[in-house]
Each structure stands twice: as C-alpha cells, then as structure tokens.
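Understanding the architecture of this molecule
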Amino acid sequence: MHSKKRLTHSLLFFVFLSIGNAASALAAELRYTLSMPEPHTHYFEVEAELSGVKKNHIDFTLPVWAPGSYLVREFAKNVEGFEAADKEGKPLRSEKIDKNTWRVYSNKADVVRASYDVYANELTVRTSFLDASHGYVNGTSVFMYPEGYQDLNGTLAVKPHKGWDKVSTGLKSTGNFTYTFPNYDILADSPLEIGNHEVYKFTTAGIPHEVAIYGEGNFDPKELMADMQQVTEQAVSVFGELPVERYLFIVHNLQRGGGGLEHLNSTTLQTSRWNYGTEAGYNGFLSLVAHEYFHLWNVKRLRPQPLGPFDYNQENYTDLLWVSEGITSYYDDLLVRRAGFTSPQRYLDIIAGSITSVESTPGNKVQTVAEASFDAWIKYYRSNENSRNAEVSYYTKGGVLGHLLNMEVMEATKGEKSLDDVMRYMYERYYKQLDRGFTEKEFKEAVEKVSGRNMDAFFRDFVNGTKTPDYNSYFDAAGLRLVNINEGGKAASWGASTVVSDGRVLVRSVSRGGSAYEGGLNANDEVVAINGYRVGEDLDSFVNRLDIGDTTEVVVAREGRLLTLHIPILKDESVRYRFERVPNPSSVQQKVFNEWLALDNS
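What comes next concerns the included structure. (Residues numbered from 1 in each chain as written. Predicted model: local features only at pLDDT ≥ 70, side-chain atom pairs only at ≥ 80, totals over all residues. Heavy atoms only, no water.)

**Remarks on the overall build of the protein**
Filter applied, for reference: Numbering of helices and strands runs from the N terminus, with a helix taken as a DSSP run of H or I at least four residues long and a strand as a DSSP run of E at least two residues long. The classification of residues rests on relative accessible area computed with a 1.4 Å probe and restricted to protein chains. Under 20% of the type maximum is buried, over 50% is exposed, and intermediate values are partly exposed. It only takes one pair of heavy atoms within 4.5 Å for two residues to be counted as in contact. Per-residue accessibility takes into account occlusion by the displayed protein chains alone, with areas from the Shrake-Rupley method and a 1.4 Å probe. Only four residue types enter the tally: Lys and Arg on the positive side, Asp and Glu on the negative side; His and the chain ends are excluded. A single reference atom marks each charge: NZ on Lys, CZ on Arg, CG on Asp, CD on Glu.
Along the backbone of the protein there are 16 helices and 28 strands. Counting only C-alpha atoms, the protein reaches 85 × 65 × 65 Å along its principal axes. By residue count, 51% of the 602 residues in the protein fall in the buried class. Counting only contacts in the protein whose residues sit at least 6 apart along the sequence, the fraction spanning at least 24 positions is 68%. Summing over all exposed atoms, the protein offers an accessible surface of approximately 27,100 Å²; the carbon and sulfur share of this is 47%. Distance from the positive charge centre (63 side chains) to the negative charge centre (79 side chains) of the protein: 5 Å.

Written out as structure tokens, the structure reads:
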C-alpha cells in the first residue's frame, strides 16, 4: 500500500517534470543569420542563436555528409573562427570536442549565439560556394545544429551581398529575405541560390514551379520552361499527385558541369552552359531534370528504411540504392521519351547502351548491385584505376534491372500494368499509409503483388548475385531481340587505357581479363616500345596490328626501371548491343511495345 503511494507520487512528479520540459521546449527558439560581406574571399558568416534553453553546455554540430550524396565529406574542415556569446554579447567559453562538434559552456544563459565562418569555394550540387558573382548554399555544409534540438522550428535571415537582389530557396518566406523552417531537416534540405540570377516560372498539376538559373547558356527560356513542364507532368502521371505547394529548380550553367541533387521540394542541377545547343545535350539536360524531379517521390518520400530520419554524423547504410537511384535512372530517359523528346529508336539505343555498359564492366561479375548500394560510401565516390574491375554502378545496373522488372510485369499482365503500378503501390503503401521506409523484401513483395509472379530467382540472381540475365527472355514481351554486334568478331584484345603526356604513353588502367591484364601491364606504367619499336602517339597503330594468339613484347618503365613483358594477345570478348524487332510480333507483344514506348495503340 505504501509502495503504491510512493509510485503514484513518483509518476505525478515525472508527469509535471515532462510538462515543464515540454513548456521549455515550446519556448525554445532557433534563429540563423547568413551574411556574405566579402564574397570574393569565399567566406560565409553564420550566426546560430538558440534561446529559451538554460543548460550548462550546448553542443553545436555540423553534419559530415549531404543526404542524397553518399560520402562523408567532412564539412567541418571549412569552419573557422568559432565563437560564442550570450544575449548581451558577453563571450562564452567554447571548445571543439570532436571533428565536427563545438561545445559552448553556456552556464544556463537564456540566449546562446554561436558564430563562425565557412570557407565555400567548391561549386558542386553537394557543397557550398561563394564568389563575387553569386552564392550557393547546401545546408548541411553551412548550418550547425544544437544537439538535441533538431526538431525546433526557426528562422533564417539572409543578408545578400550589396547589389544582390535575389534569393531562391524552397524555404517559406516571411519577407525581407527571412525564411522559416519547421525543423533542422528542412533547413538542411533547402538549398539557397543568392545573387542576381534569372528566375523563370511554369505550372505543373496546378503547382507553381520556379527555375532559378545562374550563368549564361544557349537556351531559349520560353521553350525550356515549356519542355520542363512536359517532363514534370509525365513524372506526376506516374504517382497521380504532386505532394508539394511549390517546387524550385536551381540551375547552374558552368563551363564544365553535370549532375544534380534532390531535395524535398527543390533540386540543384549543373550543366555545361552551351550544352543546350545540340539535341543530345538538350535531351540530356531534360533527362537530368526528370531524374532529380522523380526523386521528389522516389527517395524524398518513398525511401529505404535507413534513409531517414538521418544521422548526420556518420554513414547511413542501405543496400537499396539500386532502387532509389537505379530505378530513378530507369525513369529519367523514359519520362523524356513519354514527353515526346526522344524517338522510339533513340530510346531503344539508350537502353541497349546501358546494357552494353553493364555487361562490359568486369566488376559486374564481382560486385552485386546490392553490395554496390551498401558500399557507395567507400567506393562509388572514390573510384580508382581498378574500380571497373571490382565494382558496378548501382545507377546503371539498377536502371537495367528496372527495365527487366518492367518487362516482367508487362508480360505477366499482357500490357495492362507496368513498373509504374509497382512504384505507385509502394508510394501509397509506405509513404502515405505507413509513413515509413521500406525493405528489399517489401519491394520484392510489391513486384510480386502487381505481376502475380514469384520473384525469388530474380532477386537471388540479379540483385544479390552476379548472374547474367537472359535479356531476350525479358524483352521478348515487347517483341524485341537484343543483338550483340560484336558476336563472331575476330578483333584482338588490348585491354589498357592510356594517355599520352609530353610524348610519353602512360597506362591509366587495365581491364580484368584483357591481354594487358593477363600479361602483367600495370596502371602508371610507361609504355616505351612494342615488339622492338618505340611508341608514342602512334600507339593505336601498333595495337590495331595485334593478332589473336600472338605474344607481344612490351617494354615499360616502372618506377624508373625498364621491364620487358610478354603479353599474350587474346580475343576481344567485349559486347555491343542493339535492339531488333522480332518478325511478325503478336498482338500482345505489339501492345506491350506501344504501351511501353508511349505509342498510339490504335
């Protein structure tokens, strides 16, 4: 009896304590100020102010990676001059306690202001940049968060450099370059373009879209907006809804550039400024638009379990990047085709090229696509001379597997359903209904549900194994046959990539299974002579005269020593594919072909 009363009193105490803590949390506020008074120095000045929290110390942490780009980039390396003060400006003692965390001894001050500079001179979609022409901010590389208070809502005040009159971001504006965010995740996931860039607009599915373009380019704004609208409409049609109030494209036109990074209601794209002038370049940009826009659903909402909520301090491992990135790669060219910008034949050539790329990569027989997904953190962004021999791209192979899954579904349902139905089911089930990430087992079950077929062998052999698919057994559903143009050829294999520098022939890489690999040629070797003759820029003429079965004498310089290698010349086993239509396709094959390639079925 007495113990029960003590327990009741304890529970009441914790209830009141919890209410008190909740009230304290509600009173807490987080405010950031971003300044750039001397942009030519590449320094952003940042102030993070936490109020309403009285603690002995507060830890401010800068993430080590950017969601969507699976590499620890150590953003803290660019931080300088960290200082802290209370609301009166009285300095507070601080110290760095690990590679990306600064501890402020706040002594229960009601307001703590942490200020620091960030050196930003790397213009990629994953990093931040500032110079005399503009500023670009990727949140995780600039904004620290106070540990334990990532769920606080707050404000960001941007102070553009004098003469800059535009800020484009997915954050909600309250005017005067001030923005609000519900939590740190949203702040980190909302890049900013700051300067005098051009802003264009279009509407898709009733939702306003803005396109902030930095840099000159050979594009027609009216035409580009209309074409981007068509591509985005095709993406919306897959899922049936557009779950944002507005959407922002940030586009950087650079001398050399390429790539994109997805965000919750925005994306950043980079391209070569004169890339719009050719059909291949223009459609390539539209494909990039489609890829990053499709991530609005696939990744930012429909996601593998480990990809959210994020741990910003370390790797977040998943073996499903082949779905997140690879299936998105399947859709990027498909959406451009559905929008009518790519001819059916050109689209088939793109697919055949992707299959050629996968099957010509020696690492495809070494690393599974699931392993490639998991090891992205240590391999994909850190390629070396042996990467092709040991790895496969989860982008390219994932896209190829997307085509096979689509054919499986379309063949099983006689063209009535496709991979679209799988993705729509996954989105409804795991994002809208369960509001959680999915597993490989659940993705496999979704394919089985839509197709009505058991997919054990597919996932065992092609996702978690390195078996070569019988491509024709899949594409026969659309009345297509994949043909290896190189089959029956009698070309000799050399198998080494070289570059000529100052008249010296330097080996960059050798391909597993090729003549050079089997004969002991190494990356970084200098090829001096072949069969007794000095070589230089005429190396190709020597290689083209090699005959299968010969043994070639190659003199190389390796670490200052001259070595003689005897290289057996093997047959070139590389593949190059193209699609051909089967004669007299059945009505079902024709229907699948037409539905897949968005052709008129009449």
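**Things to note about the side chain of glutamate 448**
Convention followed: In protein, a polar contact requires one atom able to donate a hydrogen and another able to accept it; more generally it is a pair of N or O atoms within 3.5 Å, and residues adjacent in sequence count only if both atoms are side-chain atoms.
Mapped onto the fold, glutamate 448 is located in helix α11 (residues 440-451). By relative accessible area, glutamate 448 is classed as buried at 19%. Polar contacts involving the side chain of glutamate 448 include one to the side chain of lysine 444, which spans 2.9 Å.

**Structural notes on the pairing of strand β24 (residues 526-530)**
Across a regular strand the side chains alternate sides, sitting on one face of the sheet and then on the other. To keep things clear, this is the line we draw: DSSP calls a pair of strands paired once it identifies at least 2 bridges connecting them.
The element β24 is largely enclosed, with a buried count of five among its five residues. For strand β23 (residues 504-510) and β24, the ladder comprises two bridges, and the chain directions are antiparallel. The partner of leucine 506 across the bridge, within β24, is glutamate 526. Bridging between β24 and strand β26 (residues 551-558) involves four bridges; their strand directions are antiparallel.

**Examining helix α4 (residues 279-294)**
How we decide: To estimate the expected span of a helix, count its residues, drop one, and scale the result by 1.5 Å.
Across its 16 residues, α4 extends 22 Å between first and last C-alpha, which sits within 8% of the 22 Å expected from 1.5 Å per residue. Taken across its 16 residues, α4 has 13 buried, putting it largely inside the fold.

**A closer look at the layout of surface pockets**
It is a probe the size of a water molecule, rolled over the atoms, that shows where empty space is left. In plain terms, the rule: Using protein atoms alone on a 1 Å grid, points that fit a 1.4 Å probe yet trap it form a cavity, whereas open point sets bounded by protein on both sides within 12 Å along at least five of seven lines form a pocket; residues with an atom within 4 Å of a point count as lining. Grid points are joined across faces, edges and corners, and a volume is the space filled by probe spheres set on the points. Lys, Arg, Asp and Glu make up the charged group, whereas Ala, Val, Leu, Ile, Met, Phe, Trp, Tyr, Cys and Pro make up the nonpolar group; the residues left over, Gly among them, are polar.
Size it by volume and the largest pocket reaches roughly 500 Å³. Forming the walls of the largest pocket are 20 residues, and the residues nearest its centre are Asp185, Leu264, Lys300, Arg303 and Phe310. Secondary-structure elements contributing two or more residues to the lining of the largest pocket are α2 (184-188) and α10 (419-433). Counting residues per element, the lining of the largest pocket draws most heavily on α2, which supplies three residues. Its residues placed into classes, the lining of the largest pocket shows eleven nonpolar, two polar and seven charged. One number sums up the size of the second largest pocket: a volume of about 420 Å³. If you trace the second largest pocket, you find 20 residues lining it, with Ser360, Arg512, Asp572, Glu573 and Ser574 closest to the centre.

**Quick word on the pattern of salt bridges**
For the record, the criterion: Any carboxyl oxygen of Asp or Glu that lies within 4 Å of a side-chain nitrogen of Lys or Arg is treated as forming a salt bridge with it.
On inspection of all chains with the given rule, the structure shows 24 salt bridges. For aspartate 461, the salt bridge identified is with arginine 460, shortest N-O distance 3.0 Å. Here aspartate 461 falls in the buried class, since its relative accessible area comes to 14%. For arginine 460, a relative accessible area of 52% gives the class exposed. Via salt bridges that share partners, Glu29, Arg31, Glu49 and Arg113 belong to a single interconnected network.

**Considering empty space enclosed by the protein**
Under the criterion given, the structure shown has four cavities of 30 Å³ or more. Quantified by volume, the largest cavity comes out at close to 50 Å³. Contributing to the lining of the largest cavity are Trp65, Pro67, Gly68, Tyr70, Glu262, Val299, Lys300, Leu307 and Phe310. Classifying every residue of the lining of the largest cavity by side-chain character gives six nonpolar, one polar and two charged.

**Focus: the nonpolar core**
What counts, and what does not: Only buried residues count toward a nonpolar core. Its members are Ala, Val, Leu, Ile, Met, Phe, Trp, Tyr and Cys residues joined through side-chain atoms within 4.5 Å.
In this structure, Trp322, Phe443 and Trp596 are the most contacted members of the largest nonpolar core, which totals 98 residues. Examining the composition of this core, we find that nine residues originate from one element, helix α5 (residues 321-338), more than from any other. Setting aside its immediate chain neighbours within four residues, phenylalanine 443 contacts Trp322, Val323, Leu405, Val422, Met423, Met426, Phe438 and Phe459. Of all hydrophobic cores here, the second largest spans 49 residues; its members include Tyr32, Leu50, Ala84 and Tyr179.

**Digging into the environment of glutamate 83**
Checked against the element boundaries, glutamate 83 lands in strand β4 (residues 79-85). On the basis of relative accessibility, which here comes to 53%, the residue glutamate 83 falls in the exposed class. With ten residues separating them along the chain, glutamate 83 and arginine 93 place their C-alpha atoms 8.1 Å apart. With residues up to four places along the chain from it excluded, the contact list for glutamate 83 reads Arg113, Ala114 and Ser115.

**Regarding the sheet that holds strand β6 (residues 101-104)**
What the four strands build is an open sheet, ordered β5-β6-β3-β10; its pairing is antiparallel. Each edge of the open sheet carries a strand with a single partner, namely β5 (94-98) and β10 (145-146).

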